[in-house]
Structures are given as C-alpha cells and as structure tokens.
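Fold and contact review
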Amino acid sequence: MANQIELRLTGSGGQGLILGGIILAEAALLDGKTAIQSQSYGPEARGGASKAEVIISETEIDYPKVDSADLLLALTQVACDKYADSVKEDGILLVDSTVVLPEGIKAGKIVSVPILHTASDVVGKTMVANIIAIGAIQQLLGSVTKESLESAVLSRVPKGTEDLNRKALAEGYKLVEKF
Amino acid sequence: MKKNNIKLMQGNEACVEGAIAAGMKFYAGYPITPSTEIAEVSAQKLPRVGGKFIQMEDEIAGMATAIGGSLAGLKSMTATSGPGFSLKQENIGYAALAEIPVVIVNVQRSGPSTGLPTAPSQGDMMQAKWGTHGDHPVIALCPSSVKETFDLTVRCFNLAEKYRMPVFLMLDEVVGHMREKIEIPDASEIEIYDRLKPTPGDENYLPYKVEEGQIVPAMAAYGDGYRFHVTGLIHDESGFPSNSTEVAQTLMTRIMKKVEDNINDIVTYEESNTDDAEIILLSYGGTARSAKSAMKKAREMGLKVGMFRPITVWPFPEERVKELAKQAKSIIVAEMNYGQMVLEVERIAKGTTDIYHVGKINGEVISPDEIFSKIKEVL
C-alpha cells in the first residue's frame with residue numbers, strides 16, 4: 001500500500017522499543033490516521049534481539065504484521081545482523097553508530113548516527129535512547145507530526161521527566177537533520 | 001484521538017473493557033500466555049467497579065470458581081490459552097448441563113501441550129465444540145480486531161445470560177496482543193442482557209422449570225433466599241438427580257434446542273464481494289485480516305474473489321455457507337491449524353463446490369501472499 005508506512009524497531013530487551021512503537025502508533029492516531037503496533041514475545045525479549053513493529057496508514061490496515069520495512073531501526077549489532085535484510089530496497093536503515101554494518105545491505109538509504117551516545121552523554125540518561133530514536137524516525141519519514149509525537153511521548157512518560165524527554169526528542173530530530 | 005474515548009489498545013485489554021461494560025463483576029482464573037493481560041487488567045479494574053478478582057491455584061479451579069461466582073449471581077469470566085482450555089473442559093461440561101452462564105476466553109496459541117507458548121494458532125476450534133464429553137450446546141465467537149474483541153465480549157456475556165450456558169470467546173494471539181485503534185462506545189449505546197430471575201417470594205420456585213414463553217429456567221442466586229440444588233447429574237425441574245430416561249430425554253433435548261431453535265439470534269457473520277464471487281475465502285479471527293488483504297489484491301487484478309467471515313463460529317453459519325457453496329466455484333478456507341473449520345465447510349457443502357485449505361502449524365501467521373498464491377492455484 002502506497003499510503004502505508006511499515007516500521008520495525010529492533011535492539012535488545014530493555015531499550016524501550018515496544019514503548020517507542022506504542023508512542024509512534026499513538027501519535028499517528030492523534031494525527032487522525034490508523035495504526036497497529038505489535039511485537040515478538042518469547043526468549044527474544046530477554047536480552048537477545050527484540051523487536052517492535054508499527055504500521056501507520058491513511059486507511060484501514062488489514063494484515064497487522066510487517067513484512068519488509070520502510071524503515072528499520074537497529075540499536076544493537078545482534079539486532080542489525082538479524083534484521084538488516086528485512087528492510088525494503090528503497091527503505092531506510094537507521095542504525096546506532098556503534099553498529100558495524102553487515103555486508104550486502106540492500107536498503108536504499110543508510111543512516112548511521114550516535115543514538116546511544118547522545119542518550120548517555122548529551123541528554124544524560126541511557127533510557128531515553130528510544131525517545132531519541134523515534135524523534136529521528138519522525139524527522140526522516142514525517143509519518144507523524146512533531147506536535148502529535150510530543151504529546152504522545154508526554155502522555156506516556158513518568159511525571160517529572162517531561163523536559164528530559166522533550167530534550168531527547170529534539171536531539172533525535174537534530175541527529176538526522178542532514179540525511 | 002482528539003476525543004478521549006479513542007485509544008490505542010491491545011485485544012486482551014479490550015476484552016476486559018468489554019467484559020466490564022457488559023457487567024462482569026467476577027473474574028477467576030490462572031494466568032497463562034498469551035492471555036495474561038486479561039487477568040492483569042481484570043485484577044486492576046474489577047475492584048474499581050465493585051467487582052472481585054481471584055487468582056486460583058490452577059485453571060481447573062479458575063473455571064470452577066467462575067461457575068461459583070455466577071451461581072452467586074455475578075456475571076463471571078475466566079480467560080486462558082490451550083493448556084488451560086484443556087484443563088477447564090470437565091467444568092465446562094458441568095456449566096453446560098447445570099445451565100450456568102459463564103464466559104470463557106481462549107487466546108489461542110500453538111499446541112498441542114505447552115507447544116509454542118508465545119506463538120499464534122487457531123488450533124482449538126474443534127476443541128471448543130467437542131472438548132467436553134457428552135452432547136452439549138456450544139456458542140463460540142471469534143473476533144478479528146481490537147474493537148470487535150470489545151463488542152463480542154459484551155455479546156458473549158449477553159448470550160451466556162440469555163441462554164444460561166458457557167460461551168466461548170475464541171481469540172488468537174494475533175488479535176489478543178496487537179494494539180489498534182478503538183473507540184469505546186458510550187455505556188448508553190451498549191445493549192446488555194441480564195439473566196432471568198424468579199419472582200421474589202415465589203414459594204413454588206423450581207430451579208429448572210421453564211416458564212411459559214421463556215427459553216430457559218429463571219435463575220436464583222445463592223443468597224437470594226431460595227433453596228435449590230445444582231448438579232452435574234441429569235436432573236428434573238427440582239434440580240435433584242434423576243435416573244429416568246424420560247427426564248434425561250426432556251432435559252437433554254431442551255438444552256440442545258435452546259441454541260438450535262435460536263440460531264438466527266446467535267449466528268452472525270460478515271461477507272464482502274460475495275455477490276459475483278467465483279472464489280470465496282472463508283476465514284475468521286486474526287487470519288481473516290490476511291484473507292481480506294488477499295481478496296483486495298485479487299479484486300484489484302479483476303479476479304472475482306469474495307470473502308465470508310464467520311463471527312459466530314459455533315454454531316457455524318450453516319445456512320449461508322450452504323448457499324454460498326452452491327454459488328461459488330470454490331471455497332478456500334484459511335486458518336492457523338492443520339484443518340479444522342474446513343471440515344465443517346466440507347460437511348455443509350456436501351460436494352457442491354471445491355473446498356481448498358490454507359493452513360499453518362508452525363506458529364507463524366498466514367500471510368496475505370500465501371492465501372493469494374492459493375487463489376492463483378485454484379483459478
């Protein structure tokens with residue numbers, strides 16, 4: 001479907017990728033679109049490669065799973081090695097700069113930026129890596145509006161962390177501005 | 001999402017929202033993947049509406065306790081997955097014969113045994129029909145979306161109360177775990193059916209006597225002040241056991257007929273593009289979404305493909321499927337099992353059309369492409 005964007009967020013368990021997926025889907029609903037979020041459960045969720053999937057569409061979404069992604073986020077080497085070939089040929093591979101890209105990647109565009117480093121050293125909290133990542137995804141795709149993304153983030157994060165998360169989003173936008 | 005009743009919600013969560021909207025006041029069960037969120041959210045929400053939640057020592061006790069809650073007058077539910085559904089079967093039979101309204105949710109995962117605990121399946125469809133021994137009436141509904149999970153959970157309660165029997169909500173891991181947009185209807189828009197109660201102070205109350213014009217006997221709750229007996233043995237109108245063949249014939253016929261005679265009230269389905277369809281895709285639950293996608297692709301290519309989705313899976317929409325079988329050149333049944341509801345379709349079609357099957361038993365969802373490939377093969 002041309003008006004359907006499919007995202008796969010991968011990394012390791014504990015990086016908040018499912019929450020990131022939920023926030024993107026909620027932002028899409030705020031924009032008046034439809035969205036489905038799903039994830040893989042099981043042994044993968046315990047530290048290995050974990051993934052969350054989001055589909056955002058202008059119309060009704062039938063099949064709820066992501067096949068080839070328009071954008072694949074990989075925050076860890078393990079996740080990148082496992083999922084890098086599941087991105088469309090004209091899709092975007094967004095990876096943390098600590099990840100060594102596997103050979104033979106077919107993604108149309110590769111965006112390698114220091115998401116984890118920005119979380120720990122610029123924003124000052126490792127746990128906001130997911131928020132930086134969804135900020136970067138917004139900047140790259142524009143599939144949700146910044147306004148909706150911010151309200152979706154703020155309605156999901158703990159009270160008292162609003163400024164931290166606003167900063168994380170802003171850093172995410174900034175990271176990929178040049179791409 | 002401008003309106004605050006529009007939410008992103010999981011199927012399992014929508015099930016609890018629907019249950020509470022229908023009047024659920026008691027949940028008893030034992031959590032099991034992929035149904036656990038139903039227990040979790042029930043535990044959070046029931047106390048806020050004056051209800052009770054109890055986690056029992058296992059699924060057998062969960063079923064028994066839900067039945068007990070219903071006998072005490074509360075709308076009751078339990079939720080489980082394959083292994084727990086197996087354990088609950090004996091008590092489900094008890095609820096069927098003793099005519100106790102209760103809702104049983106099965107979020108299906110890959111079996112048999114502990115199987116693939118986190119992977120989807122539709123492998124318990126025949127178990128829902130035949131899982132407990134002896135002839136017994138069965139009602140089972142099967143949602144395809146988060147919104148429909150809400151609506152059908154309400155309907156399960158209504159049907160359970162109206163026909164005084166256990167009713168199944170046959171979810172699958174796909175719909176149970178996915179998050180999707182749902183607009184929660186206002187309470188005033190939700191139709192709710194409460195069980196028939198005896199006239200207060202009725203000295204001659206017989207717990208299993210059907211009064212003129214009623215479908216089921218009026219149901220007193222324990223604690224209402226009536227003395228009555230409930231048993232899993234064949235019983236007469238007083239509720240006490242009987243060995244009489246006449247009593248057995250009357251009771252068994254009555255409990256089978258209460259569903260059989262009200263098929264039109266119970267059976268629901270959805271169809272699209274069936275008018276001119278040469279090939280009809282028949283699918284339900286999470287898999288129906290793949291079938292719908294495959295149908296759209298086929299229609300874009302000018303192929304005459306339609307779709308039929310049973311929403312009530314038991315009793316199966318027999319009459320309509322019989323008509324469709326006469327009209328279509330073939331029916332493709334897509335389901336996440338080795339071939340279950342396809343047997344029902346074959347039985348109903350009686351050779352009037354060709355029946356094909358797309359099944360999957362490796363824990364993966366059937367993709368639209370897999371169904372589309374079958375369409376091309378059948379053409």
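Residues numbered from 1 in each chain as written. Chains lettered and ligands numbered in written order. Predicted model: local features only at pLDDT ≥ 70, side-chain atom pairs only at ≥ 80, totals over all residues.

Notes on the overall build of chain A
For chain A, the count of helices and strands is 6 helices and 6 strands. The N-to-C order of helical and strand elements in chain A reads β-α-β-β-β-α-β-β-α-α-α-α. Expected size for 179 residues packed as a compact globule is a radius of gyration near 16 Å; at 15 Å, chain A falls within 12% of this value. With the C-alpha coordinates aligned to their principal axes, the bounding extent of chain A is approximately 40 × 35 × 35 Å. Sorting the 179 residues of chain A into buried and exposed places 51% on the buried side. Counting only contacts in chain A whose residues sit at least 6 apart along the sequence, the fraction spanning at least 24 positions is 58%. (Helix = DSSP H or I, 4+ residues; strand = E, 2+ residues; numbered from the N terminus. Rg over C-alpha atoms; globule rule 2.2 N^0.38 Å. Buried ≥ 20, exposed ≤ 12 C-beta atoms within 10 Å, placed from the backbone. Contact = placed C-beta atoms within 7 Å.)

Side note on the overall build of chain B
Looking only at helices and strands, chain B has 13 helices and 15 strands in total. Against the globule reference of 21 Å for 379 residues, chain B gives a C-alpha radius of gyration of 21 Å, in line with a compact fold. Counting only C-alpha atoms and orienting by the principal axes, one finds that chain B spans roughly 70 × 50 × 40 Å. The buried share of chain B, reckoned over its 379 residues, is 52%. The contacts in chain B between residues at least 6 apart in sequence include a share of 76% that link residues at least 24 apart.

Details of helix α3 (residues 115–123) of chain A
All buried positions along α3(A) are accounted for by A:Ile115, A:Leu116, A:Thr118, A:Ala119 and A:Val123. A:Gly124 sits one or two positions beyond α3(A) and adopts a positive phi of about 100°.

With respect to the interface of chain A and chain B
At the junction of the two partners, chain A supplies 16 residues and chain B supplies 17 residues. Of all the elements in the fold, those that place two or more residues in the side of chain A that touches chain B are α1 (17–30) and β2 (34–39) of chain A. When grouped by side-chain class, the residues that make up the side of chain A that touches chain B number 9 nonpolar, 4 polar and 3 charged. Strand direction decides the pairing type here: β2(A) and strand β9 (residues 179–183) of chain B, joined by 2 bridges, are antiparallel. (Nonpolar A, V, L, I, M, F, W, Y, C, P; charged D, E, K, R; others polar. Pairing = 2+ DSSP bridges.)

Regarding the nonpolar core
Counting residues in hydrophobic clusters, the biggest one holds 160 residues, and the most contacted among them are A:Leu94, B:Val103 and B:Leu281. Take this core: its biggest share by element is 10 residues, from α1(A). When we break this core down by domain, the ones giving at least three residues each are domain 1 (6–189) and domain 2 (271–378) of chain B. Filtering out sequence-adjacent residues up to four positions away, B:Leu281 remains in contact with B:Ala291, B:Ala294, B:Met295, B:Val305, B:Met307, B:Ile332, B:Ala334 and B:Ile371. (Core = buried A, V, L, I, M, F, W, Y, C linked by C-beta atoms within 7 Å. Domains from an automatic or database assignment.)

Notes on the packing of helix α3 (residues 59–71) of chain B against helix α4 (residues 82–98) of chain B
Residue and element names in this part refer to chain B. The contact between α3 and α4 brings their axes to 8 Å, and the two run at 30°. Here α3 lies roughly parallel to α4, going by the angle between them. The two elements α3 and α4 meet at a crossing, and its hand is right-handed. For the pair α3 and α4, the contacting residues are Glu59, Ile60, Met63, Ala64 and Ile67 in the first and Gly84, Leu87, Lys88, Asn91, Ile92, Tyr94 and Ala95 in the second. Along the lines of polarity and charge, the residues of the contact of α3 with α4 split into 8 nonpolar, 2 polar and 2 charged. (Axes fitted to C-alpha atoms, helices over the stretch in contact; angles between N-to-C directions. Parallel < 35°, antiparallel > 145°, perpendicular 65-115°, else oblique. Left-handed = near helix turned anticlockwise from the far one by under 90°.)

So, the pairing of strand β5 (residues 87–96) of chain A
Residue and element names in this part refer to chain A. Counted residue by residue, β5 has 7 buried out of 10 residues, so it is predominantly covered. Sheet topology places strand β4 (residues 69–74) next to β5; 5 bridges connect them, and they run parallel. Within β5, the position partnered with Leu71 by the bridge is Ile92. The handedness of the β4 to β5 crossover, carried by helix α2 (residues 77–83), is right-handed. As paired elements, β5 and strand β6 (residues 109–113) share 5 bridges and run parallel to each other. Residue Leu94 lies in a different strand from β6, and its bridge partner there is Val111. (Right-handed = clockwise from strand over helix to strand, strands pointing away.)

What about the sheet that holds strand β10 (residues 269–272) of chain B?
Residue and element names in this part refer to chain B. Read from one edge to the other, the open sheet built from 5 strands follows the order β10-β12-β11-β14-β15, with strand pairing classed as mixed. Two strands in the sheet have a free side with no partner beyond their single neighbour: β10 and β15 (354–359). In this sheet, neighbouring strand axes are inclined to one another by 20° on average, regardless of whether the strands run parallel or antiparallel. Contacts from helix α10 (residues 287–300) reach β11 (279–283), β12 (305–310) and β14 (330–335) within the one sheet, and its direction differs from that of β12 by about 165°.

Digging into the domain arrangement of chain B
Residue and element names in this part refer to chain B. Per the domain assignment, the segments of chain B are domain 1 (6–189) and domain 2 (271–378). A separation of 26 Å is found between the C-alpha centroids of domain 1 and domain 2. The interface is formed by 22 residues belonging to domain 1 together with 19 residues belonging to domain 2. The element best represented in the side of domain 1 that touches domain 2 is helix α5 (residues 125–130), accounting for 4 residues.

Quick word on unusual backbone geometry
Excluding glycine, residues mostly carry a negative phi; peptide bonds, for their part, are mostly trans. All names here are of chain B. Here Thr33 and Pro34 are connected by a cis peptide whose omega angle stands at 0°. Along the chain, Pro34 turns up in the loop between β2 (24–29) and α2 (36–45). Of note, the amide linkage connecting Gly111 to Pro112 takes the cis form, showing an omega dihedral of 0°. Unusually for a residue other than glycine, Glu99 sits at a positive phi of about 55°. C-beta crowding within 10 Å serves as the criterion here: with 21 such atoms nearby, Glu99 is assigned to the buried category. Unusually for a residue other than glycine, Lys350 sits at a positive phi of about 45°. Its location among the elements puts Lys350 in the loop between α12 (341–349) and β15. For Lys350, a count of 10 C-beta atoms within 10 Å gives the class exposed.

Some remarks on the packing of α3(A) against helix α4 (residues 129–141) of chain A
All names here are of chain A. Taken N-terminus to C-terminus, the directions of α3 and α4 make an angle of 125°; their axes are 9 Å apart at the nearest point. In terms of orientation, α3 and α4 fall into the oblique class. Both α3 and α4 take part in a crossing whose hand is right-handed. Along the contact surface, α3 presents Ile115, Leu116, Thr118 and Ala119, while α4 presents Ala129, Ile132, Ala133 and Ala136. In terms of residue class, the contact of α3 with α4 is built from 7 nonpolar, 1 polar and no charged.

Considering the pairing of strand β6 (residues 116–120) of chain B
Of the strand pairs in this sheet, strand β5 (residues 102–110) of chain B and β6(B) are connected by 2 bridges, and their pairing is antiparallel. Each bridged residue has a counterpart across the sheet, and for B:Arg109 the counterpart in β6(B) is B:Pro120.

Quick notes on the sheet that holds strand β1 (residues 6–10) of chain B
Taken in spatial order, the 8 strands line up as β6(A)-β5(A)-β4(A)-β1(A)-β3(A)-β2(A)-β9(B)-β1(B) in an open sheet, and their pairing is mixed. Unpaired on one side and paired on the other, β6 of chain A together with β1 of chain B mark the two borders of the sheet. Mean inter-strand twist for the sheet, computed between neighbouring axes without regard to direction, equals 20°. Here 5 bridges tie β1(B) to β9(B), and the two strands are oriented antiparallel to one another. Counted as the bridge partner of B:Lys7 is B:Ile182 from β9(B). Lying on the sheet, helix α1 (residues 11–22) of chain B is in contact with β1 and β9 of chain B; it crosses β1(B) at an angle near 115°.

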